[in-house]
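As a plain string of letters, each chain reads:
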Amino acid sequence: MSDIIRRIQPASKDIGFIVRRLLPVMGTRSIGPFVFLDHMGPAHFAAEGTAGDVRQHPHIGLATVTYLRQGAMMHRDSLGTVQRITPGDINLMVAGSGITHSERVPADIRQQGIAVEGLQMWLALPLADEACSPAFHHYPAASLPAWQLPGGDLQLLIGHHAGRQSPVRTFSDTLYLSWQLQAGARFELPQAAERGLYLFDGSVRVGDESMQAGELVVLGDGVSEIVSEQGACGVVFGGTMLDAPRFMEWNFVASQRERLQQAREDWAAGRFAMVPGETDFIPQP
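Residues numbered from 1 in each chain as written. Predicted model: local features only at pLDDT ≥ 70, side-chain atom pairs only at ≥ 80, totals over all residues. Heavy atoms only, no water.

**Q** I tried to follow the layout of surface pockets on my own but got confused; where do I start?
**A** A water-sized probe, rolled over the atoms, reveals where empty space remains. Put simply, the largest pocket is a space of about 460 Å³. Looking at the largest pocket, it is lined by 20 residues, and the ones nearest its centre are Ile15, Val54, His57, Asn251 and Ile282. Secondary-structure elements contributing two or more residues to the lining of the largest pocket are β3 (18-23), β4 (34-43), β5 (54-59) and β11 (116-124). Taken together, the residues of the lining of the largest pocket break down into eleven nonpolar, four polar and five charged. Quantified by volume, the second largest pocket comes out at close to 200 Å³. For the second largest pocket, the lining is made up of 14 residues, of which Tyr67, Gln155, Ser178, Gln180 and Cys233 are closest to its centre. Mapped by element, the contributors of at least two residues to the lining of the second largest pocket are β6 (62-70), β14 (152-158) and β17 (174-181). Residue composition of the lining of the second largest pocket, grouped by class: eight nonpolar, four polar and two charged. (1 Å grid on protein atoms, 1.4 Å probe; cavity = no way out; pocket = protein on both sides within 12 Å on 5 of 7 lines; lining within 4 Å. Points joined across faces, edges and corners; volume = space filled by probe spheres on them. Helix = DSSP H or I, 4+ residues; strand = E, 2+ residues; numbered from the N terminus. Nonpolar A, V, L, I, M, F, W, Y, C, P; charged D, E, K, R; others polar.)

**Q** Explanation requested: the packing of aromatic side chains in the structure shown.
**A** Ring pairs (aromatic) are described by centroid distance and by the angle formed between their planes. Tallying each qualifying case throughout the model produces twelve aromatic pairs. Look at Phe34 and Phe237: their rings are 5.2 Å apart centre to centre, the planes differ by 75°, and that puts the pair in the edge-to-face class. Of the two residues, Phe34 sits in strand β4 while Phe237 sits in strand β22 (residues 225-239), which places them 203 residues apart along the sequence. Residue class for Phe34 comes out buried when judged on its relative accessible area of 0%. (Phe/Tyr/Trp six-rings, centres within 6.5 Å; stacked < 30°, edge-to-face > 60°. Buried < 20%, exposed > 50% of the residue type's maximum accessible area, 1.4 Å probe, protein only.)

**Q** What should I look at first to understand the environment of Arg246 in this one?
**A** You can see Arg246 is positioned in the loop between β22 and β23 (247-249). For Arg246, a relative accessible area of 15% gives the class buried. A distance of 3.0 Å separates polar atoms of two side chains, one belonging to Arg246 and the other to Asp243. A polar atom in the side chain of Arg246 sits 2.8 Å from the backbone oxygen of Ala244. (Polar contact = N/O pair within 3.5 Å; in protein donor to acceptor, adjacent residues only side chain to side chain.)

**Q** Would you mind going over the sheet that holds β4 with me for this structure?
**A** Backbone hydrogen bonds are what pair the strands of a sheet, in a parallel or an antiparallel way. The seven strands are arranged β2-β3-β4-β11-β6-β9-β12 in an open sheet whose pairing can be described as antiparallel. Sheet topology places β2 (11-14) and β12 (135-139) at the edges, where each strand pairs with a single neighbour. Within this sheet the neighbouring strands show an average axis-to-axis angle of 20°, counted without direction. Sheet topology note: the β4/β11 ladder contains seven bridges and is antiparallel. Within the sheet, the bridge partner assigned to Leu37 lies in β11 and is Met121. (Pairing = 2+ DSSP bridges. Axes fitted to C-alpha atoms, helices over the stretch in contact; angles between N-to-C directions.)

Note that all results are geometric; they support no functional claim without further evidence.
Dropping the structure here:
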């Protein structure tokens, strides 16, 4: 078996700023419980106004995972949560039966011309939890395990590795780890039933193959380590495979297509709870 099962190149989209979408793609709908991956930015925003703000919109059947490399974002949701997200934090929003949220660029980030960059990922909730009550959890960077190895730095975002355990809530076996390596450094990869490797910067050797910045690769079972070729930074993620096929439409994930249609009708009819104090929203396409 090849060290790299598949290479995925990003598809750029403009949602008020550039995002590079890597999951889902035809032939790879998920990696472990992860069913969605956008690399946001880096982007700078106008000092005044709302350009780049993501207006309130709904979700069902999933948990969003937001992780920033630089800048900041302000999360608000229909539970009444108001939370600033900063680099290294993990922001976990459990949509379950339904939640509405917005993601906006803070005024100080705009006015100081600070770039915003990060990953937005979705976890499909297991069948037993896909209609659970919505919830919100925030984990500051300082609460997540971080350590050094020769020529590298690691931060365990979700799951367990090297005798360490992240405090982030999980619904199934889930792995998410960020890493940074100097040129020539090696990193022993965590094991999981399914694994993906995404590279922000630099290049690495994966077995006998080379991986470049901006690529997402699906790893073979036999890959145990990567070697940085010129200094590199990225994430490895995955976990147990989904317990049943999932359908995705707009911002909704469900095991039954009928639930997607119901969610669309509920949003159109105003049956979702809204973010307190916000009136603008994203209409369904």
